[in-house]
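Here's the letter readout for the chains.
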Amino acid sequence: MHACVVHGAGDLRVEERPYDGPAAGEIAVAVALGGICGSDLHYYHRGRVGDFAVSEPMVLGHEVVGHVAALGPGVEGPDVPAVGAPVAIHPATPCGVCPECARGMRNVCAHTRYLGSAAHTPHVQGGFAQRLGVPAGQVRELPPGLDLRRAVLAEPLAVALHAVRRAGDVRGKRVLVAGAGPIGCLVVAALRHAGAAEVVVSDLHEEPLRIATEVGATATVRADRPGDPNWAGVFDVAVEASGAPAGLRSCVERARRGGIVVMLGLLPPGEIGLLGNVAVTRELELRGSFRFDTEFDEALSLLAQGLPVDPVVTHTFPLERSALAFETARDRTVASKVLLDLTGRA
């Protein structure tokens, strides 16, 4: 089989790798599509995501869907998808025994193994491979009528749903989303589904803002135009989805007194400036949001129901053109979610 492998900053290769079939308790998936995430881009361009640095070759990718290729020893039962069934893969394997797992916070389990992550050494190999074996409990058969091209958005949509859940009840509220990348746009769709009355989205580029409007934003604003009238007023909730310190500043500056700021985007490593006195004197609540847990199944259900997110997917490239796919995904003036098609031979 072939896979998309990062060896360090700027060093991305399509390589042949062995695969011997599923181990006991695993399901082998023939991966069809994989979405390039912001973390994949960081691993490729910077060799790291936040504090997680690449120290050995690693298959990228954690947003993957495909078909069941084989069942490993011991995988049986009425809920096990049959060979050939279309499936999505939940990319996280939490430990299940730590205090966080016991409190229902499996998404922040320190011992989680996550597809395509350098958080631990050896790294967890990812899903941009033509065959992938994962624990059976992480494989979800797709709801009837949900095609693979929509299902591949389940993982980033789950991230967005978790962020909205961290914001609390948003019904009837005015919300700012800083950053109109794929995650930011999916946050918009999730907010509108949850009943937010107004969702204003900021970004530096016109194309992401256009996509944000298509998925439900009630207004958009250029982040580099402080005089834009859509900045007027304050926000009940602000979601920082850009991963940029300037985005966090906008959220803190524009949240109402007693408001909530959800920190979703991964910021640069180390310390960053924060308007601490503003947070104190306005009694803002700053809430982190990291990955997701049960929201993955909710995401699949919403996608099957027709949640309007199709404009987020803008490009698809075959596996052998992975380098071009990554360069395209990096250009936010033209691309949002970029997919790799792994069905052919590289």
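Rules used throughout
Residues numbered from 1 in each chain as written. Predicted model: local features only at pLDDT ≥ 70, side-chain atom pairs only at ≥ 80, totals over all residues. Heavy atoms only, no water. UniProt positions renumbered as here; feature names shortened; annotations may be inferred. Helix = DSSP H or I, 4+ residues; strand = E, 2+ residues; numbered from the N terminus. Buried < 20%, exposed > 50% of the residue type's maximum accessible area, 1.4 Å probe, protein only. Arc of directions from axis to C-beta. Contact = heavy atoms within 4.5 Å. Pairing = 2+ DSSP bridges. Core = buried A, V, L, I, M, F, W, Y, C linked by side-chain atoms within 4.5 Å.

- If you look the chain up in an unreviewed UniProt entry, it shows as L-idonate 5-dehydrogenase from Streptomyces akebiae.
- Among the UniProt annotations of the chain, the heading Cofactor (unreviewed entry) holds the following wording: "Zn(2+)".

## Structural notes on the UniProt feature "domain: Alcohol dehydrogenase-like N-terminal" (unreviewed entry) in the chain
Then, in step 1: Feature annotation in UniProt assigns "domain: Alcohol dehydrogenase-like N-terminal" (unreviewed entry) to the following positions: residues 24-143.
Then, in step 2: Helix makes up 11% of residues 24-143 and strand 34%, whereas the separation of the span's terminal C-alpha atoms amounts to 26 Å.

## A look at helix H6 (residues 206-214)
Then, in step 1: Among all positions in H6, only Pro208, Leu209, Ile211 and Ala212 are buried. End-on view of H6: buried residues confined to an arc of 160°, all on one side of the axis.
Then, in step 2: On its buried side, H6 packs onto helix H5 (182-193), strand S14 (198-203), strand S15 (219-222) and strand S19 (313-318).
Then, in step 3: Residue Gly216 follows H6 closely and has a positive phi angle near 130°.

## A short note on the pairing of strand S2 (residues 11-16)
Then, in step 1: Relative to S2, strand S1 (residues 2-8) runs antiparallel, the two being bridged by six bridges. Note on S2: the bridge partner recorded for Cys4 is Val14.
Then, in step 2: The turn joining S1 and S2, which pair antiparallel and follow one another in sequence, is formed by two residues; a positive phi near 80° is taken by Gly10.

## Quick look at the nonpolar core
Then, in step 1: Membership of the largest hydrophobic core comes to 57 residues, with the highest contact counts inside it found for Val177, Val187, Leu191 and Val201.
Then, in step 2: The greatest single-element share of this core, amounting to nine residues, is contributed by helix H4 (residues 154-167).
Then, in step 3: Not counting the four nearest positions on each side in its chain, Leu191 is found in contact with Val164, Val170, Val175, Val177, Ala196 and Val199.
Then, in step 4: Among the nonpolar cores identified, the runner-up in size contains 38 residues, and Val29, Tyr44, Met58 and Val68 belong to it.

## Quick word on the environment of Pro122
Then, in step 1: Summarising the element assignment, Pro122 is placed in the loop between strand S10 (113-114) and strand S11 (131-135).
Then, in step 2: The class of Pro122 is exposed, set by a relative accessible area of 55%.
Then, in step 3: Distance from Pro122 to Pro57, taken between C-alpha atoms, is 9.7 Å for residues 65 residues apart in sequence.
Then, in step 4: Setting aside anything within four residues of it in sequence, one finds Pro122 in contact with Glu56 and Arg113.

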